[in-house]
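# Observations on the three-dimensional arrangement
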Amino acid sequence: MVELEDVPELIDPVMVAAFEGWNDAGDAASTAVAHMDDTWGGKVFAELDAEDYYDFQVNRPTVWLDGGIRRITWPTTRLSVIRVTEPKTRDLVLVRGIEPSMRWRSFCQELLALAHELGIEMVVILGALLGDTPHTRPVPVSGVTSDPDVARSLELEESRYEGPTGIVGVLQEACAQAGLPVATFWAAVPHYVAQPPNPKATLALLNKLEDLLDIRVPLGELPDDARAWQLGVDQLAAEDSEVAEYVQQLEEAKDTVDLPEASGEAIAREFERYLRRRDNQPPKTGD
């Protein structure tokens, strides 16, 4: 069951969720939620009972020292709340955890019950997958929903994927069945550099979330980390002629597909984001 410590009164709340594991290539999605939690000082107010959903031989608890006293942290899913004030005040309920090992339907129902109790207006789920995409180009982020009304209002694709799914897909469907507006953003991570972290994909997910919710996420060192990550992969690719040739093939294929958009809406969106960030910068000394 959900263990509530302190349920806050929320303003226009949106739930943002990400789960480590199969749905989280390069740890891009879970890192995006962790970045917001750390940046805004999220306060954990609830967690799911680990006994109900996790196989501890798969996701083992960890032991740590607290002033010389040994304590155990159990793998679970925790919820925290942060308050965003730019450009307007609203609350985000952040869901951070590991993909559960069992009882996925009960897991989703617990989250939905809490969302109902908190008055959540919308659920946004972040995920990351491996794809045939070059690391040198902007990270593709697809937005999908299984609710046609949400698809029209947010200009997202209606999900037509068929095949194996993870907790992201199951939670999205549970939200839709419950009548709770839901959208999922998937960042594509190059399959030839799948190991975490991937700050470039994390940054891309945060940018999409900003656009959707009209919020401003302080990015800190993420842009620098993303540039350093790309430079590091450039150097690795340059040392292997086969990898370099493969990356070039991916670049050519990507550029051919994206050429019409690159000269239109994509550039306009990036410019609008730049202007919004510039307008929110504090004035320089002497201005």
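Just above sits the structure.
What this report covers is the structure whose coordinates are included nearby. Just so you know, these numbers come straight off a predicted model, no measurement behind them. (Residues numbered from 1 in each chain as written. Predicted model: local features only at pLDDT ≥ 70, side-chain atom pairs only at ≥ 80, totals over all residues. Heavy atoms only, no water.)

## Quick notes on the overall build of the protein
This is how the line gets drawn: Under the DSSP-based scheme used, a helix requires at least four consecutive residues in state H or I and a strand at least two consecutive residues in state E, with every element numbered from the N terminus. Exposed residues in this analysis have more than 50% of their type's maximum accessible area, buried residues have under 20%, and partly exposed residues fall in between, with area computed by a 1.4 Å probe over protein chains only. Working definition of accessibility: Shrake-Rupley area with a 1.4 Å probe, residue cover restricted to the visible protein chains.
Within the protein one finds 9 helices and 11 strands. Residues counted as buried form 43% of the 287 residues belonging to the protein. Split by element, the accessible area of the protein, about 15,700 Å² in all, is 51% carbon and sulfur.

## Brief notes about the state of the cysteines
Which entries qualify depends on this criterion: Any pair of cysteine sulfurs within 2.5 Å is marked as a disulfide.
A complete count under the given rule lists 0 disulfides for this structure. There is no disulfide at Cys-108, and the cysteine sulfur nearest it, in Cys-175, is 7.4 Å away. For Cys-108, a relative accessible area of 1% puts it in the buried group.

## Considerations on the pairing of strand S11 (residues 182-190)
Counted only if it meets this: When DSSP locates at least two bridges between a pair of strands, those strands are taken to pair.
Extensive coverage of S11 is indicated by the burial of 9 of its 9 residues. Pairing of strand S8 (residues 122-131) with S11 involves 9 bridges; the strand directions are parallel. Bridge pairing links Ile-125 to Thr-184 in S11. Here 4 bridges tie strand S9 (residues 141-145) to S11, and the two strands are oriented antiparallel to one another. Following the sheet pairing, Val-141 is matched in S11 by Ala-187.

## Quick word on the packing of aromatic side chains
How we decide: Stacked, edge-to-face and tilted are the three classes for Phe, Tyr and Trp ring pairs, Trp counted by its six-membered ring, which pair at centre distances within 6.5 Å; planes under 30 degrees apart are stacked, over 60 edge-to-face, the rest tilted.
Counting across every chain of the model gives 4 aromatic pairs. Look at Phe-56 and Trp-74: their rings are 4.9 Å apart centre to centre, the planes differ by 50 degrees, and that puts the pair in the tilted class. Of the two residues, Phe-56 is situated in the loop between helix H2 (50-53) and strand S4 (62-66) and Trp-74 in the loop between strand S5 (69-73) and strand S6 (78-84); the sequence distance between them amounts to 18 residues. Residue Trp-74 is classed as partly exposed on the basis of its relative accessible area of 39%.

## A few points about a nonpolar patch on the surface
Here is the rule: Nonpolar side chains (Val, Leu, Ile, Met, Phe, Trp, Tyr) within 5 Å and like charges within 9 Å form the patches, drawn only from residues with over 30% relative accessible area and no salt bridge. Think of a salt bridge as a Lys or Arg side-chain nitrogen and an Asp or Glu carboxyl oxygen that are within 4 Å of each other.
Taken together, the side chains of Val-63, Ile-72 and Trp-74 make up a nonpolar region of the molecular surface, amounting to roughly 290 Å² of accessible area. In this structure, Val-63 sits in strand S4.

## Side note on the pattern of salt bridges
Taken as a whole, this structure holds 8 salt bridges when the rule is applied. For the salt bridge of Asp-66 with Arg-71, the shortest nitrogen-to-oxygen distance reads 2.8 Å. The exposure class assigned to Asp-66 is partly exposed, which follows from its relative accessible area of 33%. With relative accessibility at 36%, the residue Arg-71 sits in the partly exposed group. For Arg-90, the salt bridge identified is with Glu-121, shortest N-O distance 3.9 Å. Linking Arg-90 in strand S7 (residues 90-98) with Glu-121 in the loop between helix H3 (104-118) and S8, this pair joins segments that are 31 residues apart in sequence. Look at Arg-90 and you get buried, because its relative accessible area is 9%.

## Focus: the layout of surface pockets
Counted only if it meets this: Any residue with an atom within 4 Å of a point lines the site, the site being either a cavity, points on a 1 Å grid over the protein atoms alone where a 1.4 Å probe fits but cannot get out, or a pocket, an open set with protein on both sides within 12 Å along at least 5 of 7 lines. Grid points are joined across faces, edges and corners, and a volume is the space filled by probe spheres set on the points. Residues were grouped as follows: Ala, Val, Leu, Ile, Met, Phe, Trp, Tyr, Cys and Pro as nonpolar; Asp, Glu, Lys and Arg as charged; and all remaining residues, including Gly, as polar.
The computed volume of the second largest pocket comes to approximately 620 Å³. When contributions to the lining of the second largest pocket are tallied by element, the ones reaching two or more residues are S8, S9, strand S10 (157-158), helix H5 (167-177) and S11. The greatest single-element share of the lining of the second largest pocket, amounting to 5 residues, is contributed by H5. Partitioned by chemical class, the residues of the lining of the second largest pocket number 11 nonpolar, 10 polar and 5 charged.

## Observations regarding empty space enclosed by the protein
One pass over the full model with this rule turns up 2 cavities of 30 Å³ or more. The space that makes up the largest cavity amounts to roughly 40 Å³. For the largest cavity, the full set of lining residues is Thr-133, Pro-134, His-135, Arg-137, Pro-138, Val-139, Pro-140, Ala-188, Pro-190, Asn-198, Lys-200 and Trp-229. Grouping the constituent residues of the lining of the largest cavity by class yields 7 nonpolar, 3 polar and 2 charged.

## Notes on the side chain of Arg-216
Threshold: Whenever a nitrogen or oxygen atom comes within 3.5 Å of another N or O atom, the pair is scored as a polar contact, on the condition that within protein one atom can donate a hydrogen and the other can accept it, and that pairs from neighbouring residues in sequence are kept only if both atoms are in side chains.
Note that Arg-216 resides in the loop between helix H6 (199-213) and helix H7 (222-238). Arg-216 gets classed as buried once you look at its relative accessible area, which sits at 13%. Within the structure, Arg-216 has its side chain in polar contact with the side chain of Asp-214 (distance 3.2 Å).

## Section: the packing of H3 against H5
Operational definition: Between N-to-C directions, angles cover 0 to 180 degrees, with each direction set by a line fitted to C-alpha atoms, over the stretch in contact for helices. Angle categories are assigned with fixed cut-offs, so that under 35 degrees is roughly parallel, over 145 is roughly antiparallel, 65 to 115 is roughly perpendicular, and the rest are oblique. Working rule for handedness: look at the near helix, and if it is turned counterclockwise from the far one by less than a right angle, call the crossing left-handed; if clockwise, right-handed. By definition in these notes, contact holds between two residues if any of their heavy atoms fall within 4.5 Å.
Packing of H3 against H5 brings their axes to within 10 Å, and their N-to-C directions diverge by 55 degrees. By the angle between their axes, H3 is oblique relative to H5. Note that H3 runs across H5; the crossing there is right-handed. Every residue of H5 that contacts H3 at Trp-104, Phe-107, Cys-108, Leu-111 and Leu-112 is listed here: Ile-167, Val-170, Leu-171, Ala-174 and Cys-175. Each residue belonging to the contact of H3 with H5 can be placed in one class, and the counts come to 10 nonpolar, no polar and no charged.

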